[in-house]
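# Structural description and commentary
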Amino acid sequence: MASLAPPSYSEAVGAPSGAAPPAKGFDPAAAVPPDPASTPHRTSVAAPPAAPPADDDEEQADSSRRGTWGSQLEFLLSCLSYAVGLGNIWRFPYLCYQNGGGAFLIPYVIMLFCTGVPLFFFELTMGQFTSQGPIGIWSVSPLFQGIGYAMFVISLTIGIYYNMILAWTIFYVYSSLTSSLPWDGCDNWWNTEGCHVFQPEPCTAGDGANDTEGCVQSGGQRLWNTSGSIGTHRMPADEFFHNYMLQITDGIDDLGAFRWPLALCLLSAWTIVFLAMVKGVKTYGKAVYFTAIFPYLILVCLLARAATLPGYMEGIYFYITPRWEKLAHVKVWADAAIQIFFSLGHSWGGLIALSAYNKFHNNHFRDAIIISCGNCLTSFFAGFVIFGIVGFMAHELGVKVEDVAAQGPGLAFIVYPEAVSRLPVAPLWSICFFAMLLTLGVGSQFTMMETVVSTVVDLAPDRLRAKQTWVLLGCCLFMFFCGLPMCTSGGLYILTLMDNYAGTFSALIVGMTEVLVVAHIYGADRLLDNIRTMIGHYPFHYSWWKWAWKVVSPTIVTALLLFTWIDHKPIQYGDYEFPLWATGVGWLISLTSVAMIPLVAVIKLARMHPRHTLMERLRLLSRPDETWGPALNEHRVEAKMAILRTDSGNSIGLQGVELQ
């Protein structure tokens, strides 16, 4: 095909006639960077990047666009607070013991550096280089701007149900403000005949007497000797969670009554989010000092307490003892890669949104390594706390550790509360544990909300940036009302459905697509040149990052997608299997976000000037448009890019400058 040099990108896409034309003397072909396949990576920049400006000057310049972090520590803590979430506490320790104990760390670390860090570094680069959110960065290849909208939908959907989990933790914190925990016995109105307080000793060793159904204390409370099967009876914490807090129904077909206490807790959770983000990055940056640091203080306190309990070492031994034969199983490697992918928060848009507030010359390569490794070390450290307490509970019940080990909400809201109820000063430790869960969850929720809000604002920045508080309020209210169905007695089923489909298949598809588009269409070499402009040197080692983005990470993510598809099973909660129509709704939730990619591409192709053929439209829309690059002109000069000119504060033109 003959080379096509359009008058301008704006004209090619059919911009309105009122848009500002390019400056006189500007060469339109310069707006479209050369084909990366024909340009060696080290010749795309004619000279080493200019020396970074003084910090004070850069801070003043960067603040003129969309605001920056008050300090670099705020960015580090924000990313750490986002990456370290509930999954680090209630999923990783269980996966570790299930997949070979200490042996699981080998595939875990390998997957961290093969897919976790490359994707993390990639998304930080895109946000920091452009100072744009998940939508704006796709000026690098406008045809694929739907990836940004897909990230927005994923964060919006996850944010709706994630705050419901935070509402549960608020409910538990409030319930713990008593002299004795409400789930430490079976003598409450919500308890059933199946509720039993388990004890390891024979009934007659205490002050009770055996009967045909178990053991009855002199006070009338029924105990159960754990020489029998725990699975045939229910612990008090189980019945508190299901029968009192949720008042759960038999299935998703029956949502039951509306639970006003849960609605009030949900409103409280959204109020916390709104107040912490009301002034944008300034208040959010201060809030993360608490949400990022407080969980570690509580973890240390819980570890110190757990280490003094009987059964602690049995739990730790069970957690870390390597079982090397597990490494021969494909599922172990897949679980390691999936845990890395989702624990770091790739493909949700949060990392891009956070890095957009960075100074242009921030060393985000260092940040990516620190945060990724810090997240994984936190997961491993949390396992000592969780399995120390689980070991204590197994000792108390006189059963094996595997009989009480659990993951997900079952660990957080049943097993751990049951164990805490057996400690001295139980309400204090319960408050500490659920306060820790709350701060972990809120830290992640802040970033998901920042993704949603910044995306909405970036759709019309001139009008909405000054009204960002109202945009935040509108988003919080919208998501609060969307979450109200989960405040019903059957709300747990809705949450389980959304959790299984909102950010699994869709996030993997988005992660695979984003890195393939930038690495192969824009060019991994050119992206590495952009990184050199920001941090002053290429990241070590150049070839590793190039091929990690072009081949290694996309291949692993694609394999994960196939494995997840093959290993997919009908969704269940306990013994309840969701009906077929609910599974269909789940797939609809999952595909809604992914559908943004082809939908936006079709709309952009249709809006281009009709004189262009389909192949010409594809070629034009695949290349960066004239707005791609740093937000400030001084940084565009360093990056050897055409300078942006703003006419009347609205339209964007280009000044003709020679940067050869």
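The structure contained in this document is the topic of the report that follows. (Residues numbered from 1 in each chain as written. Predicted model: local features only at pLDDT ≥ 70, side-chain atom pairs only at ≥ 80, totals over all residues. Heavy atoms only, no water.)

### Looking at the pattern of salt bridges
Side chains that differ in charge, positive against negative, can pair when their charged atoms come close. Evaluation of the coordinates by the stated rule reveals six salt bridges. Here D367 ties to R366 by a salt bridge, and the two come within 3.3 Å at their closest N and O atoms. (Salt bridge = Lys/Arg side-chain N within 4 Å of Asp/Glu carboxyl O.)

### Quick notes on the packing of helix α6 (residues 105-130) against helix α12 (residues 330-343)
Contact geometry of α6 with α12 gives a least axis separation of 9 Å together with a crossing angle of 40°. By the angle between their axes, α6 is oblique relative to α12. Both α6 and α12 take part in a crossing whose hand is right-handed. Across the interface between the two elements, P107, Y108, I110, M111, L112, T115, G116 and L119 from α6 touch V332, W333, A336, A337, Q339, I340, F341 and S343 from α12. Taken together, the residues of the contact of α6 with α12 break down into twelve nonpolar, four polar and no charged. (Axes fitted to C-alpha atoms, helices over the stretch in contact; angles between N-to-C directions. Helix = DSSP H or I, 4+ residues; strand = E, 2+ residues; numbered from the N terminus. Parallel < 35°, antiparallel > 145°, perpendicular 65-115°, else oblique. Left-handed = near helix turned anticlockwise from the far one by under 90°. Contact = heavy atoms within 4.5 Å. Nonpolar A, V, L, I, M, F, W, Y, C, P; charged D, E, K, R; others polar.)

### Notes on unusual backbone geometry
Negative phi values dominate among residues other than glycine, just as trans dominates among peptide bonds. Of note, the bond from F540 into H541 is cis; its omega dihedral lies within 30 degrees of zero at -10°. For H541, the position within the fold is in the loop between α20 (505-535) and α21 (542-566). The backbone of S347 sits at a positive phi, close to 70°, despite the residue not being glycine. Inspection of the secondary structure assignment puts S347 in the loop between α12 and α13 (350-355). Judged by relative accessible area, which is 0%, S347 ranks as buried. (Buried < 20%, exposed > 50% of the residue type's maximum accessible area, 1.4 Å probe, protein only.)

### Re the nonpolar core
Within the largest apolar cluster, 191 residues are counted, with the highest numbers of intra-cluster contacts made by M164, W168, F241, F413, M449 and W549. Per element, the largest residue contribution to this core is 20 residues, and it comes from helix α7 (residues 146-175). Within the second largest apolar cluster, eight residues are counted, among which are I252, L497, Y501 and A582. (Core = buried A, V, L, I, M, F, W, Y, C linked by side-chain atoms within 4.5 Å.)

### What about the environment of G102?
Topologically, G102 is positioned in the loop between α5 (92-98) and α6. Separated by 221 residues in sequence, G102 and R323 have C-alpha atoms that sit 7.3 Å apart. Dropping the residues within four chain positions of it, G102 is found in contact with Y319, I320, T321 and P322.

Nothing here speaks to function; it is all geometry.
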